Amino acid sequence: MRPVLAVGLGSLLLAGCGSTGASTADPGARLRAQLPKAVKSTGVLRIGSNLNYAPVDFEDQNAAAVGLDPDLAAALGNYLGLKVQFDNMPFDQLIPAVQSGRIDLAMSAVIDTQQRQTGADDNGKQVNPGVDFVDYFETGSTLLVKAGNPQNISTLDNLCGRTIALQRGTVQAEIAARQQTACGRSNRPLKVDLFDTDVQALAEVDAGTAVADLNDYPVAAYTTDPSRQGTKFQVTGSLLQPSPYGITVAKTDPALRDVLSGALNQLIRNGTYDKLLTTWDMHSGAVPVAQINGGF
């Protein structure tokens, strides 16, 4: 009996040691082991972004990608032992590029919505496969007008009978399309001019050919910051449609989605995430956890 008991006790001790080792194992190593084979083999994360949206994603004087998204992508890549490669492309091409596999993911202030998750059009009909999101920042839309607000605009209804300028393919363009319907009921049509970049839309407001632009709050705050000579425009009205930014991943790649979620949670826990938000003065949108498909 004694040898049997000794073997049993030894097995229990070994099992206990194994359990302790697993609990203290490097979570980064576990996540790296779960990366899709295609990403592992190249050692690169191919990331699509429209680099015209400071402070979230834009180009510096050397045409290098800078902003919260590039910094967060670099931190995720470093944690997972991967290089990151940014591909600058029009915003409305980002989701199709993710779905086709041209890029591994998109990080470009892409707002997580159920419509984008399901690939539905404005009428609820599915028109594409949809995408998944790993949410990393809370934001909302704002109205941006000329400094001094000469047209006295503070609500969406104030836009009726006027012209506004927006970046195409954005949630703001969807908000404007709904407002066009509302303005049509009052026989005061709203004209919406769409552009490839928000910079182009703001130029229309500056020139007076549009009375307002709609963009994300952190971008509006950056644009109107006096320390950056942001004296041409001002934010007006209340925050519209609060919603999260999401790292955008193909529905066919749940492994990559889950690895990114796990890695982001580790960056939140170890303080890296907070440091990046501090760098770009964007703490107001901090999230406590990386939620998957938390948009509505």
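This text follows the structure it describes.
(A) Structural view of the packing of helix 4 (residues 68-80) against helix 11 (residues 272-279). Viewed as axis vectors pointing N to C, helix 4 and helix 11 meet at an angle of 160 degrees, and their least axial separation amounts to 10 Å. Taken as axis vectors, helix 4 and helix 11 run roughly antiparallel relative to one another. Classified by chirality, the crossing of helix 11 by helix 4 is right-handed. Along the contact surface, helix 4 presents Leu-68, Asp-71, Leu-72 and Ala-75, while helix 11 presents Thr-272, Tyr-273, Leu-276 and Leu-277. Looking at the contact of helix 4 with helix 11 residue by residue, the class counts come to six nonpolar, one polar and one charged.

(B) Quick peek at the environment of Gly-230. Mapping Gly-230 onto the fold places it in the loop between helix 9 (217-223) and strand 11 (233-250). Judged by its relative accessible area of 9%, Gly-230 is buried. With 98 residues separating them in the primary sequence, Gly-230 and Asp-132 have C-alpha atoms 35 Å apart. Each residue touching Gly-230, except ones within four places of it in the same chain, is listed here: Thr-223, Thr-224 and Asp-225.

Conventions and cut-offs
- Once a new chain begins, its residue numbering starts again from 1 and follows that chain's sequence as written.
- The model is predicted, so local features are restricted to residues of pLDDT at least 70 and side-chain atom pairs to those at 80 or more, both for listing and for counting; the totals for chains, interfaces and linings are taken over all residues.
- To get the side-chain values, take all heavy atoms of the structure and skip hydrogens and water.
- Axis definition: a line fitted to C-alpha atoms, over the contacting stretch in the case of helices. Angles run 0 to 180 degrees between N-to-C directions.
- Think of it this way: any DSSP run of H or I at least four residues long counts as a helix, any run of E at least two long counts as a strand, and we number them from the N terminus.
- Orientation labels follow simple angle bins: below 35 degrees gives roughly parallel, above 145 gives roughly antiparallel, 65 to 115 gives roughly perpendicular, and whatever is left gives oblique.
- Crossing handedness is read from the near helix: turned anticlockwise from the far helix by less than a right angle, it gives a left-handed crossing, and turned clockwise, a right-handed one.
- Any two residues whose heavy atoms approach within 4.5 Å are treated as being in contact.
- In the scheme used here, Gly and all other residues not listed as nonpolar or charged are polar, with Ala, Val, Leu, Ile, Met, Phe, Trp, Tyr, Cys and Pro taken as nonpolar and Asp, Glu, Lys and Arg as charged.
- A simple rule labels every residue: compare its accessible area, found with a 1.4 Å probe on the protein chains alone, to the largest value its type can have, and call it buried under 20%, exposed over 50%, or partly exposed in between.

Such coordinate-based values are descriptive only and should not be taken to indicate function.
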